[in-house]
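Take a look at the letters that make up each chain.
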Amino acid sequence: MVRISGDNAFAVAERVFAPSSPGRFAEKEQRRAYYGSFFDEVGVFDDGLCLIFRAPHSFTGENVAELYCHGGILVTQKLLEAALKSGARLARPGEFTRRAFIGGRISLTQAEAVGGLIEAKSEKYLRVSARQASGTLAAEISGYYETLRGIAASVYAFIDYPDEDMTDISVPEMRERIDSVREGLLRLSRTHEYGTAISEGIKTALIGKPNTGKSSVLNMLCGSDRAIVTDIAGTTRDVITETVRCGDVLLRLSDTAGIRDSADDIERIGVEKSLECIGKADLIFAVFDLSRPLDGGDFALIEEIKRRGKESRVICLMNKSDIDIGAVKPPFENAVRISAIRGEGREDIAEAVAGMLGGADIGENEEIITNARQNAAIVNAAAALADAAGALDGFTQDIAGMDIERAMGYLGEADGRTVGEDIVNEIFSHFCVGK
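In what follows, the accompanying structure is described. (Residues numbered from 1 in each chain as written. Predicted model: local features only at pLDDT ≥ 70, side-chain atom pairs only at ≥ 80, totals over all residues. Heavy atoms only, no water.)

Some words on the packing of aromatic side chains
Worth spelling out the cut-off: Planes of paired rings set the category: under 30 degrees apart is stacked, over 60 is edge-to-face and the rest tilted, where pairs are Phe, Tyr or Trp rings (Trp by its six-membered ring) whose centres lie within 6.5 Å. Here a strand is any run of E in DSSP of at least two residues, a helix any run of H or I of at least four, and the numbering for each starts at the N terminus. Exposure is judged per residue with a 1.4 Å probe applied to protein chains only, and the accessible area is read against the type maximum: over 50% gives exposed, under 20% gives buried, and values in between give partly exposed. A ring has a charge above it when a Lys NZ or an Arg CZ is no more than 6 Å from the ring centre and no more than 35 degrees off the ring normal.
Applying the stated criterion across every chain yields a total of two aromatic pairs. A ring pair is formed by F17 and F38, whose centres lie 5.3 Å apart and whose planes are at 50 degrees; its orientation type is tilted. With F17 in strand β2 (residues 17–19) and F38 in strand β3 (residues 33–39), this pair connects stretches of sequence that are 21 residues apart. Exposure class is identical for F17 and F38. Each is buried. Over the aromatic face of F45 sits the side chain of K78, whose NZ or CZ is 5.3 Å from the ring centroid.

A look at the nonpolar core
Using the following cut-off: Residues enter a nonpolar core if they are buried and are Ala, Val, Leu, Ile, Met, Phe, Trp, Tyr or Cys, with the set joined through side-chain atoms within 4.5 Å. Between two residues, a contact is recorded if the distance between any of their heavy atoms is within 4.5 Å.
Ranked by size, the top nonpolar core spans 32 residues in total, and within it V249, L251, F285, L317, I349 and V353 carry the most contacts. Setting aside its immediate chain neighbours within four residues, V353 contacts C246, V249, L251, L283, F285 and I315. Formed by 31 residues, the second largest nonpolar core is a distinct cluster that contains Y144, A152, V155 and A381.

With respect to the sheet that holds strand β6 (residues 202–207)
Here is the rule: When DSSP finds two or more bridges between two strands, those strands count as paired. Helix axes are fitted to C-alpha atoms over the stretch in contact, other axes to C-alpha atoms as well, and angles between N-to-C directions run from 0 to 180 degrees.
Spatially, β7-β8-β6-β9-β10-β11 is the arrangement adopted by the six strands of the open sheet, whose pairing is mixed. Of all strands in the sheet, those with a lone pairing partner are β7 (240–246) and β11 (335–337), marking the two edges. This sheet shows a mean twist of 25 degrees between the axes of neighbouring strands, independent of strand direction. With respect to the sheet, helix α12 (residues 346–356) is in contact with β7, β8 (249–255), β9 (283–289), β10 (314–319) and β11, its orientation differing from that of β10 by roughly 165 degrees.

Some points on the pairing of β8
Most of β8 sits out of view: six of its seven residues are buried. In this structure, β6 lies alongside β8, joined through five bridges in parallel fashion. Among the inter-strand pairings, A205 is bridged to a residue of β8, identified as S254. If you look at the hairpin formed by β7 and β8, you'll find two residues sitting between the two strands, and G247 has a positive phi there, around 65 degrees.

Comments concerning the layout of surface pockets
Put simply, the test is: As defined here, a cavity is a set of points on a 1 Å grid over the protein atoms alone where a 1.4 Å probe fits but cannot get out. A pocket is an open set with protein on both sides within 12 Å along at least five of seven lines, and residues line them when an atom is within 4 Å of a point. Grid points are joined across faces, edges and corners, and a volume is the space filled by probe spheres set on the points. As a working rule, the residues Ala, Val, Leu, Ile, Met, Phe, Trp, Tyr, Cys and Pro are called nonpolar, Asp, Glu, Lys and Arg charged, and the rest polar, with Gly in that last group.
Looking at the largest pocket, its volume works out to about 560 Å³. Lining the largest pocket are 26 residues, and of these R3, I4, R89, A91 and F96 lie nearest its centre. Within the residue set of the lining of the largest pocket, elements represented by two or more residues are β1 (2–5), α1 (9–14), α2 (73–85) and α3 (95–102). Looking at the lining of the largest pocket, the element that brings in the most residues is α2, giving five residues. Residue composition of the lining of the largest pocket, by class: 13 nonpolar, seven polar and six charged. Approximately 460 Å³ is the volume attributed to the second largest pocket. Mapped onto the lining of the second largest pocket, the elements with two or more residues apiece are α4 (108–119), α5 (123–133), α13 (372–394) and α15 (421–429).

Let's talk about the side chain of S189
Rules: Pairs of N or O atoms within 3.5 Å make up the polar contacts considered here, provided that, within protein, one atom can donate a hydrogen while the other can accept it, and that residues adjacent in sequence are counted only when both atoms are side-chain atoms.
Note on placement: S189 falls in helix α7 (residues 171–190). You can call S189 buried: its relative accessible area is 19%. Only 3.0 Å separates the side chain of S189 from the side chain of N375, close enough to count as a polar contact.

A short note on the side chain of S107
Its place among the elements puts S107 in the loop between α3 and α4. Using a relative accessible area of 12% as the deciding quantity, one classes S107 as buried. Among all residues touching S107, those that are not within four sequence positions of it are F101, A138 and D415.

Details of the pairing of strand β5 (residues 64–68)
Most of β5 is tucked away, with four of its five residues classed as buried. Of the pairings in the sheet, the one linking β1 to β5 comprises four bridges and is antiparallel in character. For S5, the partnering residue across the bridge sits in β5 and is V64. In the sheet, strand β4 (residues 44–53) pairs with β5 via five bridges, with the strands oriented antiparallel. Residue pairing in the sheet places L49 in a bridge with Y68 of β5.

Comments concerning the pattern of salt bridges
Convention followed: A carboxyl oxygen of Asp or Glu within 4 Å of a side-chain nitrogen of Lys or Arg is what we treat as a salt bridge.
Considering all chains together, one arrives at 29 salt bridges under this definition. Among the ionic pairs, E364 bridges to K124, the shortest N-O distance being 3.9 Å. On the criterion of sequence distance, the pair formed by E364 in the loop between α12 and α13 and K124 in helix α5 is long-range, its members being 240 residues apart. Given a relative accessible area of 8%, K124 falls into the buried group. In this structure, R187 and E140 form a salt bridge, with 3.3 Å as the shortest nitrogen-oxygen distance. With R187 in helix α7 and E140 in helix α6 (residues 136–160), the pair connects residues that are 47 residues apart, well separated along the chain. Look at the salt bridges and you will find they share partners, linking E62, R89, R92, E95 and R99 into a network.

A look at α2
One turn of the α-helix equals 3.6 residues, which is why residues spaced by three or four share an orientation. The cut-off we apply is this: To estimate the expected span of a helix, subtract one from its residue number and multiply by 1.5 Å. Arc, as used here, means the arc of the directions from the helix axis to the C-beta atoms.
Over its 13 residues, α2 runs 18 Å from end to end, which matches the ideal 18 Å to within 8%, given 1.5 Å per residue. Within α2, the full set of buried residues consists of L79, A82 and A83. Viewed end-on, α2 has its buried residues packed into an arc of 100 degrees, placing them on one side of the element. Residues of α2 that are exposed and angled more than 90 degrees away from the buried face: I73, L74 and K85. Of the residues trailing α2, G87 is marked for its positive phi of about 120 degrees.

Okay, here's the thing in structure tokens:
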């Protein structure tokens, strides 16, 4: 399909498409498919369909013609070249979606959700993006904005007529509304870590002493033999990184060298890289062997995790549950029993990861913040509302009103009402040309 959008879209279409039914495009009913032939300066080279959408009843809000040919490489190339020779130009990355945003057809959060639909690598992110592309997140943010605008209007009335008591909201009522919006924004922000995990992936370190089965765990999570598995300690000498799906979450998973003291220079470098991964990781899979008691190597690993303050980010993978001797207790709160060699426990790992990242607390129809730009705006708006609530304690409503206006400005950035052109350019630069 070749899509043409703009004031001259129909004129360009008429130069490359001849409908089998008589009449010009200007006389034809919109949102109907017309059968006909595609041609260039040489002659007819294919037959197919043309759909027309008149402004403002199109995705971009402009006149749009969509040309459907048979899809072969040469045929499609000839149709594209014919359109370009007839006055069209190639679209820039994301230009169709950008025109829809600039034309007021969609909000910026909807535009970003279109990008999410294209990039989605998990079913969850696909569902979230589809919902937000329909406007659900934009509607929630707009609801908060309108509530604050109502409060601000009351504040302005107080400022303009201080002796007339024109405000229709008392200070306790104002505080209640401000707190309600702020709590809604904080709830949205709390979904961001999980949203990042389903959209971009979370940096995860797979660590343990040698021969606990780390490489088998990696292979189980990848669904293929990505790492060499042997009974020889120290097989893994370097960090192996894979992006794998774990339930609804994407893990940027690094399988590290077994952590132990070694006289081998190469293995020692691998161990140093393993320790670096612990510090950089947002999530740690610490693998322990249920077939033998914990020893000095295990305790050294536990202490290293604690020293780096990562206890709350650890999920213990208690491996080799098929030969459990019953002598090993999980050293951290979050633990899952698995048998990597048998492929048992993958679903339990996914459940534990979702729980740690807050996914278990998010309802099916609740909005999820999946990008840092939206989250920053929401966090800033919540902070401004905290200042507004504080101002009501010792100052007049007009002081709180300035913080409420700040919060409205941040919400305007979130949904694109007040966002700068440089940010818009950055967002759409990551889109593919066809969108």
